[in-house]
Amino acid sequence: QVQLVESGGGLVQPGGSLRLSCAASGIAFSRATMGWYRRAPGKQRELVAHITGGGSTNYAHSVKGRFTISRDNAKFTVYLQMNSLKFEDTAVYFCTYISSRDYWGQGTQVTVSS
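Residues numbered from 1 in each chain as written. Predicted model: local features only at pLDDT ≥ 70, side-chain atom pairs only at ≥ 80, totals over all residues. Heavy atoms only, no water.

This part covers the state of the cysteines. For the structure on display, the rule yields one disulfide. The disulfide partner of C22 is C95, and the gap between their sulfur atoms is 2.0 Å. Residues C22 and C95 are joined through a disulfide that is left-handed, its torsion about the S-S bond being -75 degrees. In this pair, C22 is assigned in strand β3 (residues 18-25) and C95 in strand β9 (residues 91-98), connecting sequence segments 73 residues apart. Note on accessibility: C22 and C95 belong to one class, buried. (Disulfide = S-S within 2.5 Å. Helix = DSSP H or I, 4+ residues; strand = E, 2+ residues; numbered from the N terminus. Buried < 20%, exposed > 50% of the residue type's maximum accessible area, 1.4 Å probe, protein only.)

Pasting the structure below:
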């Protein structure tokens, strides 16, 4: 069974940093394209970043230069390093295994507030 478990969310001040982690199991992780989506109330979900099995990355314009997605295949974990956080980054962040049918984690709340 596919399991994606996010961690690392929390409350952070503007300009601060957080690192989200996603521990994956039940997938061929090293070949998997993994992504981070976020959902804020009243807004459509946004693909924040994704990383292919080969290590190619893409970022939403809103986070480019501030966020970094990475993976550690030995640990079956994908990360999202979030720097220079802004109020508009507040959302529930979901780890996603992007495939013919997406798999989602439970989400982790990131709140940016002064």
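This brings us to the pattern of salt bridges. Evaluated as defined, the whole model comprises three salt bridges. Here D89 and R38 are joined by a salt bridge, their closest N and O atoms 2.9 Å apart. Remark: R38 occurs in strand β4 (residues 33-39) and D89 occurs in the loop between β8 (77-82) and β9; sequence separation between them is 51 residues. For the pair shown, D89 and R38 are each scored as buried. When the shortest N-O distance is used, the salt bridge between D89 and R66 registers 2.7 Å. In this pair, D89 is assigned in the loop between β8 and β9 and R66 in the loop between β6 (57-59) and β7 (67-72), connecting sequence segments 23 residues apart. (Salt bridge = Lys/Arg side-chain N within 4 Å of Asp/Glu carboxyl O.)

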